[in-house]
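Structural overview
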Amino acid sequence: MSTLVLLRHGESEWNAKGLFTGWVDAGLSAKGEEEARRGGRLLVEAGVRPDTVHTSLLTRAIQTANLALGVADLLWLPVTRSWRLNERHYGALQGKDKAQTRAEFGDEQFMLWRRSYDVPPPPIADDDEFSQVGDARYGHMPSELVPRSECLKDVVQRMLPYWFDRIVPDLAAGRTVLVAAHGNSLRALVKHLDGIGDDEIAGLNIPTGIPLVYELDGDFHPVAKGGRYLDPDAAAAAAEAVANQGR
Ligand SMILES: O=C(O)[C@@H](CO)OP(=O)(O)O
């Protein structure tokens with residue numbers, strides 16, 4: 001048995017403004033910072049103590065991990081970061097207002113871009129102000145590996161190697177692992193863990209700042225499907241709010 005804790009970053013400045021964010025490096029809002037601290041308190045209260053941490057390369061996930069770990073007096077834990085845990089790249093939608101996009105393109109197209117498994121938004125131009133081409137944090141990657149747009153299927157494909165090669169070995173060594181990441185990279189991981197179908201995953205939304213704890217068996221499969229949120233009522237309400245963004 002091993003324990004995995006998934007933590008979506010707290011509310012970002014761009015979540016608060018209702019903008020498609022993806023790989024744009026929006027920081028946490030004041031509310032998001034408080035959500036992250038509360039996430040840390042929930043871990044302490046539940047007696048869940050991570051031994052090691054994995055985050056994306058995006059500031060909002062890193063800030064969230066640091067704030068939660070600070071509350072738990074665990075800022076000293078080893079941390080590994082990877083672009084493979086980044087949010088889904090939202091292509092040409094990055095920087096666009098969700099409600100305006102829905103009004104302009106209609107509900108069906110909006111939901112296809114937002115929640116379909118295999119339809120990516122149009123690609124972002126390399127010279128777009130919200131493109132990540134040339135961003136120093138991806139300087140170690142060949143430019144062609146930096147996405148210009150991703151659907152959830154693309155995220156599953158680029159996230160799973162990190163799961164198997166970097167996270168599973170920590171779990172196999174008996175460590176409790178905290179993964180601080182994003183709505184869609186965590187949806188990709190939960191899809192894998194819970195064996196959720198390509199259509200069914202559209203209905204799964206992950207709330208900001210509430211730890212989701214999975215106990216895993218010897219094959220790194222969940223003992224209980226869906227894991228357990230440390231504040232289930234708040235998680236259900238917040239997931240509903242995520243589902244309704246842009247409305
Ligand atoms: O904008 C984004 O990058 C994501 C997460 O905030 O949004 P959505 O929930 O619409 O996929």
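The residue numbers shown here count from 1 along each chain, following its written sequence. Where local features are concerned, this predicted model is filtered to residues with pLDDT of at least 70; where side-chain atom pairs are given and counted, the filter is 80 or more; whole-chain, interface and lining totals use all residues.

1. Some points on the environment of Leu230
Where we set the bar: In this text, helices come from DSSP runs of H or I with a minimum length of four residues, and strands from runs of E with a minimum of two, each type numbered from the N-terminal end. Once C-beta atoms have been placed from the backbone, residue pairs whose C-beta atoms lie within 7 Å are recorded as contacts.
Its location among the elements puts Leu230 in the loop between strand E6 (228-229) and helix H8 (232-243). Distance from Leu230 to Ala136, taken between C-alpha atoms, is 36 Å for residues 94 residues apart in sequence. Ignoring sequence-local partners within four residues, the contact set of Leu230 consists of Leu42, Ala46, Ile210, Pro211 and Val213.

2. Considering the UniProt feature "site: Transition state stabilizer" (unreviewed entry) in the protein
Heads up, the condition is: UniProt positions are given in the numbering used here, feature names are shortened, and annotations may be inferred rather than shown by experiment.
The positions that UniProt labels "site: Transition state stabilizer" (unreviewed entry) are, in the present scheme, His182. Tracing the sequence through the fold places His182 in the loop between strand E4 (177-181) and helix H7 (183-194). In contact with His182, other than residues within four places in its own chain, are Arg8, His9, Ser56, Ala61, Asn86 and Glu87.

3. Concerning the UniProt feature "active site" (unreviewed entry) in the protein
Per the UniProt annotation, the sites labelled "active site" (unreviewed entry) are His9 and Glu87. These annotated residues cover 79 residues of sequence, and their C-alpha atoms all fall within 10.4 Å of one another, placing them together at a single site. Structurally, His9 can be placed in the loop between strand E1 (2-8) and helix H1 (13-17). Once you skip the residues sitting within four places of it in the chain, His9 turns out to touch Leu28, Gly32, Arg60, Ala61, Thr64, Ala180, His182 and Thr208.

4. Points about the pairing of strand E2 (residues 52-55)
Going by this rule: At least two DSSP bridges between two strands are needed for those strands to be called paired. Clockwise travel from the first strand over the helix to the second, with the strands pointing away from the viewer, marks a crossover as right-handed.
Inspection of the sheet shows E2 paired to E4 by four bridges, in the parallel sense. Note that in E4 the partner of Thr55 across the bridge is Ala180. On the question of chirality, the crossover connecting E2 to the parallel strand E3 (residues 79-81) by way of helix H3 (residues 59-71) is right-handed.

5. Topic: the sheet that holds E4
Rule in force here: A fitted line through C-alpha atoms represents every axis, and for helices the fit uses only the stretch in contact; the resulting angles, taken between N-to-C directions, go from 0 to 180 degrees.
Read across the sheet, six strands follow the order E3-E2-E4-E1-E5-E6 without closing on themselves; strand pairing throughout is mixed. Every interior strand has two partners, whereas the edge strands, E3 and E6, have only one. When E1 meets E4, the two strands line up parallel, connected through five bridges. Bridge pairing in E4 places Arg8 opposite Ala181. Sitting on the sheet, H7 touches E1, E4 and strand E5 (212-216), and the angle it makes with E1 is about 150°.

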